[in-house]
Amino acid sequence: MAESLTEAQLDAYLARIGVRRPERTDPAALKAIHRAHAYGFTWEAIDCFMEWPTSVDPQDAFAKMVEHRRGGWCYEMNGLLGAALSACGFAVTRLCGGVRRAELGDLAIGNHLTLRVDFEEPWLAEVGLGDALVDPIPLVVGSAEQRGYAFALEHADGDWLRFRNHAYSGAPSFDFRADYVDEPALGHAQRYLREAEASPFRTNLVIQRHFPDRIEAVRNATRYTTTPRGVSERPIRDAEEFTALLDGVFQIVVPCPEAVWDRVCQVIDLSPN
């Protein structure tokens, strides 16, 4: 079972995303909270990029995302959602997954946290990719479409399942097993992504947010806008524009945004291209 928020934390979380405490723990209530969370928070790995502290503890995610008006990456986005759902009375299991396991093999295991929510049949709750689902889906093999984006849940090797993201996504897939719980693996992978020089999140700034008609993203010094028809991109000119994006589009309060922009400029200057 996922760790739960306290009653006071749950009230603060629900106020943050703008929904009432559900009267029933049914799929409709799950969908309402999941969608509000997906639209209410920004996916961002700024802490990792800046080498600031981060953890897999949902309590830390609550402090960061609710109290300090930040976003989070998969361990925080799905971690906070799971703790909130558990506090509401849903049966939630934190599953150990692997983004790009189709390419990286089992080295990817633990680099993604996803959630199973059990009713008579299980559902997949997933807000941790940043540009994928806004609504949960039944945990059954098949295709799904949301807002014009096509997704799929497929059989992979053995008893692994593969979630396929839409065609214009940043992360094309992640693998998981419906009963695979491994907190040590999640912690180990999170530490690697946070500390290893080869971590893609140490060398790239990634920020993403859902809107009803589009997905907005920043990767280093470029802004991307994705719709079901494709992706448009344009450069971010300077620290002033970058800071305005954080505040106005991504709606996050980031300490020292100028320092983040300086780090982006360093990464660009050091890149081979």
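Right above here is the structure, for reference.
Keep in mind the model is a prediction, meaning the values are calculated, not measured.

Asker: Is there a simple way to think about the pattern of salt bridges in this case?
Answerer: Note on pairing: side chains with opposite charge can pair once their charged atoms come close. Throughout the structure, instances matching the rule amount to 22 salt bridges. Asp135 serves as the salt-bridge partner of Arg35, at 2.7 Å between the closest nitrogen and oxygen. Highlighted residues: Arg35 in helix H2 (residues 27-40) and Asp135 in the loop between strand S4 (122-125) and strand S5 (137-138), separated in sequence by 100 residues. The class of Arg35 is partly exposed, set by a relative accessible area of 35%.

Asker: Is there a simple way to explain the nonpolar core in this structure?
Answerer: Generally speaking, a soluble globular protein has its nonpolar side chains buried in company with each other. Tyr13, Leu80 and Phe90 are the most contacted members of the largest nonpolar core, which totals 48 residues. Elements with a contribution of two residues or more to this core: helix H1 (7-17), H2, helix H4 (58-67), helix H5 (74-88), strand S2 (91-99), strand S3 (112-118) and helix H7 (183-195). Here the element with the most residues in this core is H5; it accounts for 10 residues. What Tyr13 contacts, discounting residues up to four positions off in sequence, is Leu5, Ile33, His37, Phe41, Phe62, Val66, Leu80, Leu81 and Ala84.

Asker: Got a minute to help me understand the sheet that holds strand S8 (residues 161-164) in this structure?
Answerer: What links the strands of a sheet is backbone hydrogen bonding, and the strands pair in either a parallel or an antiparallel sense. Taken in spatial order, the eight strands line up as S5-S4-S3-S2-S9-S8-S7-S6 in an open sheet, and their pairing is antiparallel. Single-partner strands in this sheet number two, and they are S5 and strand S6 (142-146). Bridge analysis of S2 against S3 gives seven bridges, and the strand direction is antiparallel. Across the sheet, Leu95 pairs through a bridge with Thr114, a residue of S3. Set on the sheet, H5 makes contact with S2, S3 and S4; between it and S3 the angle comes to about 20°.

About the criteria used
- Residues numbered from 1 in each chain as written.
- Predicted model: local features only at pLDDT ≥ 70, side-chain atom pairs only at ≥ 80, totals over all residues.
- Heavy atoms only, no water.
- Salt bridge = Lys/Arg side-chain N within 4 Å of Asp/Glu carboxyl O.
- Helix = DSSP H or I, 4+ residues; strand = E, 2+ residues; numbered from the N terminus.
- Buried < 20%, exposed > 50% of the residue type's maximum accessible area, 1.4 Å probe, protein only.
- Core = buried A, V, L, I, M, F, W, Y, C linked by side-chain atoms within 4.5 Å.
- Contact = heavy atoms within 4.5 Å.
- Pairing = 2+ DSSP bridges.
- Axes fitted to C-alpha atoms, helices over the stretch in contact; angles between N-to-C directions.

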